[in-house]
Amino acid sequence: MRSVNRVASLLLAAALLVGGSLSAVQALLLALDRPTPLDTTGWFAALSSTRWREPTVRVAAGAAVLLGLAILVAQLRPWTPVRLRTDERDGWYLHRRCVERRLADAASAVPGVRRARVRVRRRGGQWRPRVRATGDPAARAEIEYAVHQELHRLTAPRPGRIDVRLQPRRRPA
C-alpha cells in the first residue's frame, strides 16, 4: 500500500500545486485589471444553476463519499509491520522479510521438503510463523524443530504456535 499512497500523494500534490498557482495568477491578474486566463462567469453560472435534486449531482456526491470511505478504510487497516522487535529490553529489530526468508530456508533444508514459504505475524510480543510447504507430511515435526532452531538463532522472542501446513508433492501425469 505504500506505493499506492506515494502515487496518490504525488497526484494530490500536483493537483494542489497547479490549482494554487492558477488561483494565485487569476487573483493577481484580477487585481491588476488585466484579462484572466480562466473565464469564471461560465463556471459561476453553471454552479449556481445546478440543484441537489439533479441525478448527476447525486451520483457525483455519492461517488465522492464512497471514494473517501474506501481511502479511510484503507488507511485504518492494520498493516503487517516491516520490522519485528527481537526483545522488549534491548530495542533491536529485524526486517520481517529477512526473517521469513531465513525461516523458509531452514524449513526447505529439511529432508523431504521441496519448497517452503513462511509468513511471520506478530501477536503482542510473540511471533507467529506460518509455514506452507510441499513435501512429505511426515516431516512436520522436523520442520517445526528447524523453525524453532532458526528462531533461537535469531534471538526471537519465544514464538507462539508454529502453524505448519504440508501439501503432498504432486506427481506428474
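Above this text you will find the structure in question.
Because the structure is a prediction, the values reported are computed rather than measured.

### Some points on the sheet that holds strand E5 (residues 163-167)
Consider a sheet: its strands pair through backbone hydrogen bonds, and that pairing is either parallel or antiparallel.
Inference 1: Strand order across the open sheet formed by 3 strands is E3-E4-E5, with mixed pairing between neighbours. Among the strands making up the open sheet, the edge pair consists of strand E3 (113-123) and E5. Direction aside, the axes of adjacent strands within the sheet are offset by 15 degrees on average.
Inference 2: In the sheet, E3 pairs with strand E4 (residues 126-135) via 10 bridges, with the strands oriented antiparallel. Its bridge partner lying in E4, Arg 123 is registered against Gln 126.
Inference 3: With respect to the sheet, helix H4 (residues 96-108) is in contact with E3 and E4, its orientation differing from that of E3 by roughly 145 degrees.

### Some words on the pattern of salt bridges
For side chains of opposite charge, pairing can occur when their charged atoms come near one another.
Inference 1: All chains considered together, the criterion is met by 6 salt bridges.
Inference 2: Across the salt bridge formed by Arg 130 and Asp 163, the nearest N and O atoms sit 3.4 Å from each other. Taken together, the residues span a long stretch of sequence, with Arg 130 in strand E4 and Asp 163 in strand E5 at a distance of 33 residues.
Inference 3: For Asp 163, a relative accessible area of 14% gives the class buried.
Inference 4: A cluster of three or more residues bridged by salt bridges with shared partners is formed by Arg 96, Glu 100 and Arg 119.

Calculation criteria
Residues numbered from 1 in each chain as written. Predicted model: local features only at pLDDT ≥ 70, side-chain atom pairs only at ≥ 80, totals over all residues. Heavy atoms only, no water. Pairing = 2+ DSSP bridges. Helix = DSSP H or I, 4+ residues; strand = E, 2+ residues; numbered from the N terminus. Axes fitted to C-alpha atoms, helices over the stretch in contact; angles between N-to-C directions. Contact = heavy atoms within 4.5 Å. Salt bridge = Lys/Arg side-chain N within 4 Å of Asp/Glu carboxyl O. Buried < 20%, exposed > 50% of the residue type's maximum accessible area, 1.4 Å probe, protein only.

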